[in-house]
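A structural walkthrough
Listed below are the residues making up each chain.
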Amino acid sequence: MVHGGFCGGWVFEQFRQPFEAAGHACLTPDLRGHGAGDRGSAVVSVSMTDFARDIAALIEAQPEPPVLIGHSMGGLVAMMAAARAKVRALVLLAPSPPWGVAGSSLEEAGSALALHALGPFWLQSVDPDYASARLYSLDKLDKEARKATFARMTAESGRALWETLNWWLDPFMTTSVAVDRIKAPVLALAGDRDLIHPPATVRQTAERLSAEMQVFPGMSHWLIGEPGWEAVAQTCLEWIARQTAVTEA
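Each value, and the rule that gives it
- Residues numbered from 1 in each chain as written.
- Predicted model: local features only at pLDDT ≥ 70, side-chain atom pairs only at ≥ 80, totals over all residues.
- Heavy atoms only, no water.
- Phe/Tyr/Trp six-rings, centres within 6.5 Å; stacked < 30°, edge-to-face > 60°.
- Lys NZ or Arg CZ within 6 Å of the ring centre and 35° of its normal.
- Helix = DSSP H or I, 4+ residues; strand = E, 2+ residues; numbered from the N terminus.
- Expected span 1.5 Å × (residues − 1).
- Buried < 20%, exposed > 50% of the residue type's maximum accessible area, 1.4 Å probe, protein only.
- Contact = heavy atoms within 4.5 Å.
- Polar contact = N/O pair within 3.5 Å; in protein donor to acceptor, adjacent residues only side chain to side chain.
- Salt bridge = Lys/Arg side-chain N within 4 Å of Asp/Glu carboxyl O.
- Core = buried A, V, L, I, M, F, W, Y, C linked by side-chain atoms within 4.5 Å.

**Notes on the packing of aromatic side chains**
Think of a pair of aromatic rings as described by two things: how far the centres are apart, and how the planes are tilted against each other in angle. Overall, the coordinates contain seven aromatic pairs when judged by the stated rule. Members of the aromatic cluster, connected to one another through ring pairs, are Phe12, Phe15, Phe19 and Trp229. One residue, Lys147, lies across the ring of Tyr130, its end atom 4.6 Å from the ring centre.

This is the structure we're talking about:
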């Protein structure tokens, strides 16, 4: 399970429980520079390619191809990693879109442009912003849960954010995904109230990867922990079971 921006593997502490109860061994690594003891400087100049290579190396270290699940920016990392290493299946939860997929909302455009107010943010680490988290990411959590979750968030790589949110300015096409190299079945899930990566954007990503897609009514971006997350987990488990049955057949 690959976490999104400003987070760590801790975001899956609750979400992983149904998977483990179903008999799945779950790995929830911290992306480079996102460990509990890391300082903001640890993510400076870290690229999305670095994240993807790290996850691909972890995949290749497993005894057999795993199911890869990614949330938000971690969904994009998961796509990039799945094009580098063999996975059994790929699940994308409110994923950041790959290079070439344009956003479909004003909020997406605003997020990309707002970062430029920080100056050359791609050379820096970027601290999480509570107002943005409250409005767009953790908006379905109650106040106590929202503050507790935000308190655990960490700095993010400005370079990775630039590569993800301002991909049209990136001549290296860093977040381009070689979809023909992903041989596994793909599932994409979205919340219909998600303003960061709304269903229309997720659908474009799903179409590019020939993925199945499902939208959860009333849910926002934090599919891994906001009210209704149990249904998201159950949908993932049932879909994974179907892919396993097809493979074994």
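**Quick look at helix H2 (residues 48-60)**
For H2, which comprises 13 residues, the first-to-last C-alpha distance of 18 Å matches the rise-based estimate of 18 Å (1.5 Å per residue) to within 8%. Taken together, the buried positions of H2 are Met48, Thr49, Asp50, Phe51, Ala52, Ile55, Ala56 and Ile59. Packing partners of the buried residues in H2 comprise strand E1 (67-71), helix H3 (73-82), strand E4 (156-157) and helix H7 (158-165). Two or three places before Thr49, at the opening of H2, Ser47 has a side-chain oxygen 3.0 Å from that residue's backbone nitrogen.

**Structural notes on the pattern of salt bridges**
Under the criterion given, the structure shown has six salt bridges. Asp50 serves as the salt-bridge partner of Arg32, at 3.9 Å between the closest nitrogen and oxygen. Taken together, the positions of Arg32 in the loop between helix H1 (17-21) and H2 and Asp50 in helix H2 put the pair 18 residues apart, joining distant regions of the chain. What makes Arg32 partly exposed here is its relative accessible area of 37%. A relative accessible area of 18% means that Asp50 is categorised as buried.

**Things to note about the nonpolar core**
Most often, soluble globular proteins have nonpolar side chains that are buried together. Of all hydrophobic cores here, the largest spans 72 residues; its most connected members are Phe15, Phe19, Leu68, Leu90, Leu93 and Val232. Among the secondary structure elements, those contributing two or more residues to this core are H2, E1, H3, strand E2 (89-93), H7, strand E5 (186-191), helix H8 (199-208) and helix H9 (229-248). If one sorts the elements of this core by residue count, H3 sits on top with eight residues. Those residues in contact with Leu90 that sit more than four places away from it in its chain are Leu68, Ala78, Met79, Ala82, Ile182, Pro185, Val186, Leu187, Leu209 and Trp239.

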